[in-house]
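# Coordinates in review
Residue strings, one per chain:
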Amino acid sequence: MRAAIVNQLGRPPHLGERPDPVERPGHTLVRVTAAALNPVDLHIAAGSHPAGAPTVPFVPGVEGAGTVVSGGSLPAGTRVRVAVPGGLVDGTLAELVSVPDGACLPLPPGLDDDLAAAVGVVGVSALLALRTEAGLRPGESVLVLGATGGLGQALVHTARALGAGRVAAAGRDPHRLGALGAAADTVLVLDPDSADADPGRLAAQVSAIGGPVDVVVDLLWGPHARLAQAALRPGGRWVNLGQTAGGRAELDAAVLRHGHLRLRGFSAAALPPEQVAAGYRETAALAASGALPLAVTTRPLAEVAEAWAAQAASPGAKLVLRP
Ligand SMILES: NC(=O)c1ccc[n+]([C@@H]2O[C@H](COP(=O)([O-])OP(=O)(O)OC[C@H]3O[C@@H](n4cnc5c(N)ncnc54)[C@H](OP(=O)(O)O)[C@@H]3O)[C@@H](O)[C@H]2O)c1
């Protein structure tokens, strides 16, 4: 089969030939029609993921959509979403992939393959981070810190779908923030020189548009965490999902203590498969209803090296490769 192959950890994949996956008990063989890229693919293929490094040659890709070929309980031809738990075995950037039966879920009608592939990791993470980790209740206010990427967009739209009363979207790119449209009540352009920025500026901006928020969902960390900390109301919840602006943050102990703030971390990688499956069913229904209109850019699998470079540079859209 044709596949995107990493021959050396840390080097981008290139299109080549790999043996077809063999049929195995407990596994479903799927013909891939759309495979989404995620930042985690680049970490795994660089050998820098905490879960470990794959053995090369290796086919990246932790999620996609396609049709059942054989195995499992679903009839051949069923349209499905597939996940590759752990991501350290051959994945979805190929014509065929073999996944555990429980990681192969039928798609609802009305959801096209590209969006079905794109909404998986980011949609499930957004849903569970907001509802389970942050405990978001209808009517509460949310600040998405880093709202312009795939996960940030999913968080903005999912917060709206869960009934958030006010959604503020913060990011460094005003055009990408503007593309969120009515899903965000307010957009806040982050200072690119955040390390030197006035610590009260972001909190003052948030206060001016309805007061401090109940929940911050944060993909940035780094210097932005210090600036956004004061935007939480007393008793507010902060959930960190990423660190695209840096792995270390300087937080204010007095604000944390006197505000009774609750800091949490969330990683979709730690979720049990059944929770991922339930989360995806809900996410797919949202997407099929039009409530998760993520920006999606599709390319042929032959352009995997270019797509890889675009993902590393923050594409502002979910990148989907079609084998
Ligand atoms: N915890 C979880 O379960 C989970 C699940 C999925 C993803 N993640 C993590 O969440 C993060 C975002 O994922 P994604 O899929 O949205 O990636 P993405 O589509 O590549 O988006 C990257 C986001 O980070 C912003 N960004 C990058 N570098 C920045 C910097 N130096 N300062 C400020 N903003 C910066 C980008 O802003 P611009 O648009 O301005 O470039 C964009 O909003 C990644 O770290 C990813 O590993 C975590």
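Predicted, not measured: the structure shown is a model, and the values here were computed from it.

Below, the discussion takes up helix H8 (residues 273-288). Along an α-helix, residues three or four apart share an orientation, since each turn contains 3.6 residues. Taking 1.5 Å of rise per residue, 16 residues should cover 22 Å, and H8 covers 22 Å from first to last C-alpha, within 8% of that figure. Three or more residues of H8 are buried, namely Val-276, Gly-279, Tyr-280, Thr-283, Ala-284, Leu-286 and Ala-287. Projected down its long axis, H8 carries its buried residues within an arc of 155°, all on one side. Close packing links the buried residues of H8 with strand E5 (79-83), strand E7 (104-106), helix H2 (113-133) and helix H3 (150-161). Positive backbone phi, approximately 90°, marks Gly-290, located one or two places after H8.

Moving on to the site of the ligand. As a structural note, the neighbourhood of the ligand is formed by 28 residues, with Gly-149, Leu-151, Gly-242, Ala-268 and Ser-314 the closest of them. Elements represented by at least two residues in the shell around the ligand include exactly helix H1 (39-46), H2 and H3. Mapped onto the domain boundaries, the shell around the ligand takes at least three residues apiece from domain 1 (2-106 + 293-322) and domain 2 (121-268).

Before going further, it helps to examine the pairing of strand E14 (residues 296-300). With five bridges joining them, E14 and strand E15 (residues 318-322) adopt parallel strand pairing. Within E15, the position partnered with Pro-300 by the bridge is Arg-322. Following the chain from E14 across helix H9 (residues 304-312) to the adjacent parallel E15, one finds a crossover that is right-handed.

The next subject is the packing of H2 against H8. At a minimum axis separation of 8 Å, H2 and H8 run at an interaxial angle of 115°. As H2 runs across H8, the sense of the crossing is right-handed. Across the interface between the two elements, Leu-115, Ala-116, Val-119, Gly-120, Gly-123, Val-124, Leu-127 and Leu-128 from H2 touch Val-276, Gly-279, Tyr-280, Glu-282, Thr-283, Ala-284 and Ala-287 from H8. Here the residues of the contact of H2 with H8 sort into ten nonpolar, four polar and one charged.

A few words now on unusual backbone geometry. Going from Val-56 to Pro-57, the amide bond is cis rather than trans, its omega being -5°. Mapping Pro-57 onto the fold places it in the loop between H1 and strand E4 (63-70). You will see that Trp-221, though not glycine, has its phi angle at about 55°, which is positive.

The strand order E10-E9-E8-E11-E12-E13 describes an open sheet built from six strands, whose pairing is parallel. Edge positions in the sheet fall to strand E10 (186-189) and strand E13 (262-265), since each of these pairs with one other strand and no more. Pairwise comparison of adjacent strand axes, ignoring direction, gives a mean angle of 20° for this sheet. Inspection of the sheet shows strand E11 (residues 213-218) paired to strand E12 (residues 232-240) by five bridges, in the parallel sense. The residue of E12 that forms the bridge with Val-216 is Trp-238. On top of the sheet, H3 reaches strand E8 (141-145), strand E9 (166-171) and E11; it is set at about 170° to E9, its chief contact.

So, on to the nonpolar core. If you look at the biggest cluster of nonpolar residues, it comprises 104 residues, and the most contacted ones within it are Leu-143, Ala-169 and Val-217. Looking at this core, the element that brings in the most residues is H2, giving 13 residues. Each of domain 1 (2-106 + 293-322) and domain 2 (121-268) gives at least three residues to this core. Not counting residues within four places of it along the chain, the set of residues in contact with Leu-143 comprises Ala-168, Ala-170, Val-206, Val-213, Val-216, Ala-228 and Ala-231.

So, on to the domain arrangement of the protein chain. For the protein chain, the assigned domains read domain 1 (2-106 + 293-322) and domain 2 (121-268). Each partner contributes to the interface: domain 1 provides nine residues, whereas domain 2 provides nine residues. Among the residues forming the side of domain 1 that touches domain 2, the class breakdown is four nonpolar, three polar and two charged.

Moving on, we get to the packing of H2 against H3. Two numbers describe how H2 lies on H3: the axes approach to 8 Å, and their chain directions differ by 50°. One finds that H2 runs oblique with respect to H3. Judged by the twist between their axes, the crossing of H2 over H3 is right-handed. Here H2 contributes Val-119, Val-122, Gly-123, Ser-125, Ala-126, Leu-127 and Leu-130 to the contact with H3, which in turn contributes Gly-150, Leu-151, Ala-154, Leu-155, Thr-158 and Ala-159. Considering only residue class, the contact of H2 with H3 consists of nine nonpolar, four polar and no charged.

The rules behind each value
Residues numbered from 1 in each chain as written. Predicted model: local features only at pLDDT ≥ 70, side-chain atom pairs only at ≥ 80, totals over all residues. Helix = DSSP H or I, 4+ residues; strand = E, 2+ residues; numbered from the N terminus. Expected span 1.5 Å × (residues − 1). Buried ≥ 20, exposed ≤ 12 C-beta atoms within 10 Å, placed from the backbone. Arc of directions from axis to C-beta. Contact = placed C-beta atoms within 7 Å. Near = placed C-beta within 6 Å. Domains from an automatic or database assignment. Pairing = 2+ DSSP bridges. Right-handed = clockwise from strand over helix to strand, strands pointing away. Axes fitted to C-alpha atoms, helices over the stretch in contact; angles between N-to-C directions. Left-handed = near helix turned anticlockwise from the far one by under 90°. Nonpolar A, V, L, I, M, F, W, Y, C, P; charged D, E, K, R; others polar. Core = buried A, V, L, I, M, F, W, Y, C linked by C-beta atoms within 7 Å. Parallel < 35°, antiparallel > 145°, perpendicular 65-115°, else oblique.

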